[in-house]
Every structure is written in structure tokens, then in C-alpha cells.
Amino acid sequence: MELRQLRYFITVAEELSFTRAAALLFAAQSTVSAAVRALEEELQVSLFDRSTRTVALSSAGEVFLPEAKSVVGAAERAREVVGEASRTLRGSLRVGTMTRITALDLPRLVGAFRQRHPLVDIRIQVSGSGAGGIAEDVRRGRLDVGVMALPAAEAHDLDLRQFATIPYVVILPTEHPLAQRERIALKDLAHENFVSGASGFGSRAAMDRAFGELGITRRVSVEITDIASAASYVRAIGGAAVVPRYEPVGAAGVVVKPVSGPVPSLALSFAVRAGREPSPAVAALLKLSPNYTRDDGTF
């Protein structure tokens, strides 16, 4: 049996969908299906119970899954050891990141990494589902390292390497009654229509908790995946946003104010799976990263 077949089987088993597995593997669905069928023929068992609408692991598939993961994991470790022994890193590195972040210059970091390790191919995956999606992909081995905003309390099975701390700011239309204040308290925004990150974003979860602790259930009228667009939507709906401070903060028709009172800041981190040593490629990337991050309070 081939490692490729095992990887395809593992991904289908985790997703319980040939369509989603193919998308994650950057392969045609027919290719994934054919690889799994070939594996089943070699093993002379059905690894999945298939219907027109659902895919489920068969009893044989459930027994085989941990063994397949063990084989693939051992092969990956062997490859890493050989590469390290030859002092030449090879293979691939999968990096997940958020839609927009300036506290990390990822293109320059990737460029510096490639100069030192030209035989490592890098795949950048920009997440539209925020920190939650990146964290899950790292946990399940679909990403080698993630760049995310996730509180340490929620980093189950992840090792976070923090590199920046970002304060929150309030964005309001210039004609808003609170626009002339130097600082704005969250409790004074109880009745606003909010522009906010979508569910799964670290900043959204943090603000939902902060308002919840004040006994406020805020109304999110517009969900966005790029905080750089927050000011435009605040101006358009006449609402409010509480977001990590970003550049450029200025936009015609809105004001940007600091938050008064105790408000959590947003921690930006690299995340890898906990409980195991990072691969040589991940370790090399993390070692280079301080040269391409900044902690000046700007997202």
C-alpha cells in the first residue's frame, strides 16, 4: 500500500466526505475515490459504508484508522530525521493564517525561510473561519503551524508561541453621540448595532464574553472576515465596532477611540500541536519568525 493512499483514507475518515477531503488534499474527488478503492481492494475489505448521501467508517475502517495514522506518522518522522541528518530540510510546510495581519510580515518570513531551505515547499492557507478553523486544522494535522488570535484557555492540545498583544478600539460614526469622548466604555454600547468578526474568530469570542460579563447580549448586524473593512461597514450602517487596533485606523466618516475599563487584549501567536516536538521545518520557521514580527499594539 502507498503512503498517498493512506493519507487519502485518513482525510476521508476525518471528514466523512470525499468532496471535503478532496478539497483539503488539493486533489480531484475522482483521484481520492480511486486511491481509497485501490486500498480497499488490496486489503480486501470495505473501509467505508457508503450511501448516496453519507459516508461512514465501517468496522474494519475504524480498526484500520489508528494503524494508518501510525504508519503515516512514522514515515513523516523518518523523513524528518533523514533530512535533519543530511542538514538539508526537504518536504512541505503548511501554514495557516488569518485574512489580514500586519504584526507579522509573513511574505518576508517565507522568503527568508526559502532562501535557507529551498527544498521545502510552503503552502499558505488563508482561513475565512478565523482562529477556530485554524486551531482545528492544526489539531487534526491538516496544518503544521497556524498564525492565530486564541486565548491560552482555549488552546486545547495546542502549544502557543505568542508574538504580539493588540488592544481593542471602538469605531463609531463621526455623528454618534459618543464620538466626542476620549474613551468609550463597553457598557455605553449596549444598544448599538455591531459590526463584528464572524463566529469562530478570536476577537468575536473575546468581545462576546466581555459584553456577556456586563450582562449585555449585543446585536451583531454585520459579520466580516477582514477587520480592515470594519470602519466602512460602521459608516454604512451607523453602528459600532469593537475590534483589535489595526492600520490604517483612519477612515472618513468615523472616529476610532480607546476602550475604557478592563478589556482583554488580543494575543497573536504561532500555534503547533502540543505533546510532540515540532518538525525541523516548523522549528526553523519559528526560529526565524522574531525577525519578521512586531509588537507595537497594531494588528
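Computed from a predicted structure; not experimentally measured. (Residues numbered from 1 in each chain as written. Predicted model: local features only at pLDDT ≥ 70, side-chain atom pairs only at ≥ 80, totals over all residues. Heavy atoms only, no water.)

### Details of the side chain of S17
Formally: Secondary structure elements are defined from DSSP: runs of H or I of at least 4 residues count as helices, runs of E of at least 2 residues count as strands, and each element is numbered from the N terminus. In the analysis that follows, any N or O atom pair within 3.5 Å is treated as a polar contact, provided that within protein one partner can donate a hydrogen and the other can accept it, and provided that, for residues neighboring in sequence, both atoms belong to side chains.
Secondary-structure assignment places S17 in the loop between α1 (3–15) and α2 (18–25). At a separation of 3.3 Å, a polar atom in the side chain of S17 contacts the main-chain amide nitrogen of T19.

### Thoughts on the sheet that holds strand β11 (residues 241–244)
Stated precisely, the cut-off is as follows: We call two strands paired when DSSP finds no fewer than two bridges between them.
The sheet built from 4 strands is open, its strands ordered β8-β12-β7-β11 with mixed pairing. Strands at the two margins of the open sheet, each flanked by one partner only, are β8 (184–185) and β11. Where β8 meets strand β12 (residues 254–260), 2 bridges bridge the pair, whose relative direction is parallel. Bridging from a neighbouring strand, I184 pairs with V259 of β12.

### A short note on the side chain of T97
The criterion, for reference: Residue contacts follow a heavy-atom distance rule, with two residues in contact if any of their heavy atoms lie within 4.5 Å.
Locating T97 in the fold gives a position in strand β3 (residues 91–97). Setting aside anything within four residues of it in sequence, one finds T97 in contact with L106, I124, Q125, V126, S127, I134 and V147.

### Here's the deal with the nonpolar core
Heads up, the rule is: Note on terminology: a nonpolar core comprises buried Ala, Val, Leu, Ile, Met, Phe, Trp, Tyr and Cys residues joined through side-chain atoms within 4.5 Å. Type-normalised accessible area, obtained with a 1.4 Å probe on protein chains alone, sets the label of each residue: buried when under 20%, exposed when over 50%, and partly exposed for intermediate values.
Membership of the largest hydrophobic core comes to 72 residues, with the highest contact counts inside it found for I101, F163, I171, L189, V242, L268 and F299. Broken down by element, the residue count for this core peaks at 6 residues, all from helix α9 (residues 280–288). When residues no more than four places from it in sequence are discounted, the contact partners of F163 are I101, A103, L104, V147, L268, S269, F270, T293, R294 and D295.

### Here's the deal with the environment of V72
Structurally, the position occupied by V72 is in helix α4 (residues 59–85). Owing to a relative accessible area of 7%, V72 belongs among the buried residues under this scheme. Separated by 175 residues in the primary sequence, V72 and E247 have C-alpha atoms spaced 43 Å apart. Apart from the residues lying within four places of it in its own chain, the contact partners of V72 are L3, L6, R7 and I10.

### Details of the pairing of β3
Quick note on the threshold: Handedness of a crossover is defined as follows: orient the strands so they point away from the viewer, and if the path from the first strand over the helix to the second runs clockwise, the crossover is right-handed.
Where burial is concerned, most of β3 is hidden: 5 out of the 7 residues are buried. The parallel pair β3 and strand β4 (residues 120–126) is bridged by helix α5 (residues 106–116), and the resulting crossover is right-handed. Here β3 runs beside strand β5 (residues 145–149); their pairing, made up of 2 bridges, is parallel. Residue pairing for β5: G96 is matched across the bridge by G146.

### Overview of the packing of α5 against α9
Note the threshold: Working convention: axes come from line fits to C-alpha atoms, limited for helices to the stretch in contact. Angles between N-to-C directions cover 0 to 180 degrees. When describing relative orientation, an angle under 35 degrees is termed roughly parallel and one over 145 degrees roughly antiparallel, while 65 to 115 degrees is termed roughly perpendicular and anything else oblique. What makes a crossing left-handed is the near helix being turned counterclockwise from the far one by less than a right angle; a clockwise turn instead makes it right-handed. Classes in brief: Ala, Val, Leu, Ile, Met, Phe, Trp, Tyr, Cys and Pro nonpolar; Asp, Glu, Lys and Arg charged; the others, Gly included, polar.
Between α5 and α9, the shortest axis-to-axis distance is 10 Å and the interhelical angle comes to 125°. By the angle between their axes, α5 is oblique relative to α9. Viewed along their axes, α5 and α9 form a crossing whose handedness is right-handed. Residues L109, A112, F113 and R116 of α5 lie in contact with α9, whose contacting residues are A281, A284, L285 and L288. Its residues placed into classes, the contact of α5 with α9 shows 7 nonpolar, no polar and 1 charged.

### Regarding helix α8 (residues 230–237)
Condition: It is the directions from the helix axis to the C-beta atoms whose arc is reported.
Inspection of α8 places A230, A231 and V234 among the buried residues, and these make up the whole buried set. Buried residues of α8, seen end-on, are gathered within an arc of 95° and therefore sit on one face of the element. Contacts from the buried residues of α8 go to β7 (168–173), β9 (193–197), β10 (219–224), β11 and β12.

### As for unusual backbone geometry
Here the phi dihedral of L16 falls at roughly 55°; this positive angle occurs in a residue that is not glycine. Within the fold, L16 resides in the loop between α1 and α2. Overall, the relative accessible area of 39% leaves L16 in the partly exposed class.

### Notes on the confidence of the model for the protein
This is how it is decided: pLDDT runs from 0 to 100 and stands for how confident the predictor is about each residue.
Residues at a pLDDT of 70 or more form 96% of the protein, whose mean pLDDT is 89. The weakest mean pLDDT in the protein belongs to α4 at 81; the strongest belongs to α5 at 95.

### Side note on the packing of α1 against α2
Relative to each other, α1 and α2 sit at 125°, their axes nearing to 8 Å. When the axes of α1 and α2 are compared, the pair comes out oblique. When you trace α1 past α2, the crossing you get is right-handed. Contacts between α1 and α2 pair Y8, T11, V12 and E15 from the former with F18, R20, A21, L24 and L25 from the latter. Partitioned by chemical class, the residues of the contact of α1 with α2 number 6 nonpolar, 1 polar and 2 charged.

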